[in-house]
Amino acid sequence: MPHCAQGYIGKLWREIQDNLVTTPYEEKFLPADKLHNILTSSAIHSAVTELHCGPEHRINLADTIYHQGQRVFAMLIYNGWHDHIIAFRKHGALDSRLPLSEEDAVAITNHDVGRRLVQEQWMFFPYTFPQSMWEYDCQVERKMIIPLISIEQIGSGAFSTVERIGISPSQQNFVNNGVSAFTITYEVDYMSVVLTEFS
């Protein structure tokens, strides 16, 4: 735990740590449902009271975090840099701007903090499979974490294997839309996901 994570912010750090999910590829991510369960409006209000900032910076900060910056705030809490949320809000660099470029992150914070945040942001910004994914191929940035929770080989032959995979429920929007199978193809510079619709 970061040495500065005491009090309510320390409690949130522990909750984030305890709710990280590890993929079969040893990548960690925080599912969206866990994020929203941890960073409730009251939890954010309590955490904001512990930030080292002037009272003018607290004005509407908790509401802004709750509605626009839960992922960024979780990322900052996890790394012990929660006070930087003031600078992120000032620069308009909240959840809708993720993923952040290294240049933007360094400009908002400093060189060391910015570089580390750029590397660790993927834990808090895992891929979410869209509802109508079977209508088109999706290319996913290579660094993005695919929220797999299980992989089971169910067949093989020729030059391929068939695997059944489990996806974190809060990271997909197609389960109730008739999709029961899809394939993931990894290529050198990106990952292509192909869905098959079944009625």
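All of these numbers come straight from a predicted model, not from anything done at the bench.

Trainee: Sorry if this is basic, but what is going on with helix α1 (residues 7-19) here?
Mentor: Every α-helix winds through 3.6 residues per turn, so residues three or four apart in the chain are directed the same way. If you check α1, its first and last C-alpha atoms are 19 Å apart, about what 13 residues at 1.5 Å a residue would give, namely 18 Å. Three or more residues of α1 are buried, namely Ile9, Gly10, Leu12, Trp13 and Ile16. Take α1 and look down its axis: the buried residues cluster within an arc of 160°, on one side only. Next to the buried residues of α1 lie α2 (32-38), α3 (41-48) and α6 (70-79).

Trainee: Teacher, can you tell me more about the packing of α1 against α6 here?
Mentor: Running from amino to carboxyl end, α1 crosses α6 at an angle of 100°, the nearest separation of the two axes being 9 Å. By the criterion of interaxial angle, the relationship of α1 to α6 is roughly perpendicular. Between α1, through Ile9, Leu12, Trp13, Ile16 and Gln17, and α6, the contact on the second element is made entirely by Ala74, Ile77 and Tyr78. A breakdown of the residues in the contact of α1 with α6 according to their chemical character gives seven nonpolar, one polar and no charged.

Trainee: Sorry, what's going on with the side chain of Thr23 here?
Mentor: For Thr23, the position within the fold is in the loop between β1 (21-22) and β2 (28-29). Not counting the four nearest positions on each side in its chain, Thr23 is found in contact with Phe29, Ile145, Ile146 and Leu148.

Trainee: Can you walk me through the pairing of strand β5 (residues 160-167) in this structure?
Mentor: As a general feature of sheets, a regular strand has side chains that alternate between the two faces. Pairing between strand β4 (residues 148-157) and β5: eight bridges, direction antiparallel. Within β5, the residue paired with Glu152 across the bridge is Arg164. Connecting β4 to the next strand, β5, in antiparallel fashion are two residues, including Ala158 with a positive phi near 50°.

Conventions we followed
- Residues numbered from 1 in each chain as written.
- Predicted model: local features only at pLDDT ≥ 70, side-chain atom pairs only at ≥ 80, totals over all residues.
- Heavy atoms only, no water.
- Helix = DSSP H or I, 4+ residues; strand = E, 2+ residues; numbered from the N terminus.
- Expected span 1.5 Å × (residues − 1).
- Buried < 20%, exposed > 50% of the residue type's maximum accessible area, 1.4 Å probe, protein only.
- Arc of directions from axis to C-beta.
- Contact = heavy atoms within 4.5 Å.
- Axes fitted to C-alpha atoms, helices over the stretch in contact; angles between N-to-C directions.
- Parallel < 35°, antiparallel > 145°, perpendicular 65-115°, else oblique.
- Nonpolar A, V, L, I, M, F, W, Y, C, P; charged D, E, K, R; others polar.
- Pairing = 2+ DSSP bridges.

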